[in-house]
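Residue-level structure breakdown
Residue-level listing of the chains:
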Amino acid sequence: MRRRGVGISGLQRQAQTKEQFREVGNVMASKQIEQLQSQLELFRTNLEDFAHKHRKEIRKDPTFRMHFQRMCNNIGIDPLASNKGFWGELLGVGDFYYELGIQIIQACMATRDINGGLIDLQELKRMVEQSRGKNSQVVTVDDIIRAIKTLSPLGSGFAIIHIGERQMVQSVPRELNKDQSEVLALAQESSHVNASAVENILGWPKERVTSVMSDLLTDGLCWVDSQTESEVEYWVPSFFLK
C-alpha cells in the first residue's frame, strides 16, 4: 500500500501545536523573568535597609566598605554610578571616591616627569595618604583601585597594570608591549637592569635589547646611569623613588 500524505488538515494541526508550544514557552519565560525581577527588587530593598542601618560603618570602616561594595557588585548595583542618585545621597561614597580620584590625579601628575607616568600602587597610596593628612578618612588599596575606575570616563589613560608581581598605576595613554613589560619585570627587585642581564636571562639578541631600552628611555620609564665602573645601567624610577 502506498503511504498517504499528511494532508492540509494535518499540516494545520502541526502548525497549531507548534503555536501552542510557543505560547506556553513565552508564558513560562515571562513568569521566570517576573520572578527574577521580583527577587532582584527584594535584594535591592534589603540592601537599602542594610545601607541605612550601617551607613556610618560603610563611610568610616574601609574593610566594611570593601565588603559592601562587593555585595553591591554581586547583584549588579554600582554605588558610584551616580553621585546625585540614591546611593550617593545615602552613603556619600560618590563624593569620597571622586575626591580620592582628584587626589590620585594630582599625585600622578606631580611625579609624571620623574617616572614617565608609571607609579607603584603602594607608593601612590602613600602619597595620597600624605596629601589627605593624618585625621582624614582611612584609604585602602581597594579604595584607590575603585577611584581609578571612576576616572575611566575621562579617557585620560589611568589604569592598573601588572608588571611582574607589582601592581602599577599608569597615568598616560600608552600600552606597554610584551618586551617592555618583561624588561621592567626583571628590574623590579633591584630597581635597575643592564643590557647583558637582559640578553642572558631572556635570551634576546643585542639588537632587540637595544631597541627595547631605547623605547623605555624615550617614554621616560627608565633612567640611564653611564657612570658605573663597568656596564651602563638602566634604572626604573617607579621602583626605587619614595
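Up top you'll find the structure we're talking about.
To start, this report covers the structure provided alongside it. (Residues numbered from 1 in each chain as written. Predicted model: local features only at pLDDT ≥ 70, side-chain atom pairs only at ≥ 80, totals over all residues. Heavy atoms only, no water.)

A contiguous nonpolar surface patch, about 200 Å² in accessible area, is contributed by Leu217, Val224 and Val232. By the secondary structure assignment, Val232 is in the loop between strand E5 (223–225) and strand E6 (233–235). With relative accessibility at 31%, the residue Val232 sits in the partly exposed group. (Patch = residues over 30% accessible without salt bridge, like charges linked within 9 Å, V, L, I, M, F, W, Y side chains within 5 Å. Areas by Shrake-Rupley, 256 points an atom, 1.4 Å probe, with all protein chains shown as cover. Salt bridge = Lys/Arg side-chain N within 4 Å of Asp/Glu carboxyl O. Helix = DSSP H or I, 4+ residues; strand = E, 2+ residues; numbered from the N terminus. Buried < 20%, exposed > 50% of the residue type's maximum accessible area, 1.4 Å probe, protein only.)

So, about the pairing of strand E3 (residues 166–170). Burial analysis of E3 places four of its five residues in the buried class, the great majority of the element. Bridge analysis of strand E1 (residues 118–120) against E3 gives three bridges, and the strand direction is antiparallel. Its bridge partner lying in E3, Ile119 is registered against Val169. In this structure, strand E2 (residues 159–163) lies alongside E3, joined through five bridges in antiparallel fashion. Bridged to His162 within E3 is Gln167. Following E2, the chain reverses through two residues before pairing antiparallel with E3; Gly164 in that reversal takes a positive phi of roughly 60°. (Pairing = 2+ DSSP bridges.)

Further remarks concern the packing of helix H6 (residues 121–132) against helix H7 (residues 141–150). Between H6 and H7, whose axes approach to 10 Å, the crossing angle comes to 95°. Between H6 and H7, the angle is such that the two are roughly perpendicular. Of H7, the residues touching H6 (which contributes Leu121, Gln122, Leu124, Lys125 and Val128) are Val141, Ile144, Ile145 and Ile148. Class assignment of the residues belonging to the contact of H6 with H7 gives a composition of seven nonpolar, one polar and one charged. (Axes fitted to C-alpha atoms, helices over the stretch in contact; angles between N-to-C directions. Parallel < 35°, antiparallel > 145°, perpendicular 65-115°, else oblique. Contact = heavy atoms within 4.5 Å. Nonpolar A, V, L, I, M, F, W, Y, C, P; charged D, E, K, R; others polar.)

Before going further, it helps to spend a moment on the nonpolar core. Ile163, Val183, Leu184, Val193, Met213 and Leu216 are the most contacted members of the largest nonpolar core, which has 20 residues in total. Within the residue set of this core, elements represented by two or more residues are helix H8 (178–187), helix H9 (195–202) and helix H10 (206–218). Once residues within four sequence positions are removed from consideration, Val183 is found in contact with Val193, Val198, Trp204, Val212, Met213 and Leu216. Core analysis: the next-biggest nonpolar cluster, separate from the first, contains 18 residues, Phe96, Ile104, Ala107 and Met127 among them. (Core = buried A, V, L, I, M, F, W, Y, C linked by side-chain atoms within 4.5 Å.)

In this structure, Ser191 takes a positive phi of about 75° despite not being glycine. Turning to its location among the elements, Ser191 is positioned in the loop between H8 and strand E4 (192–194). With relative accessibility at 8%, the residue Ser191 sits in the buried group.

Counting buried positions along H7 yields seven of ten residues, so the element is predominantly enclosed. All of the buried residues along H7 are Asp142, Asp143, Ile144, Arg146, Ala147, Ile148 and Thr150.

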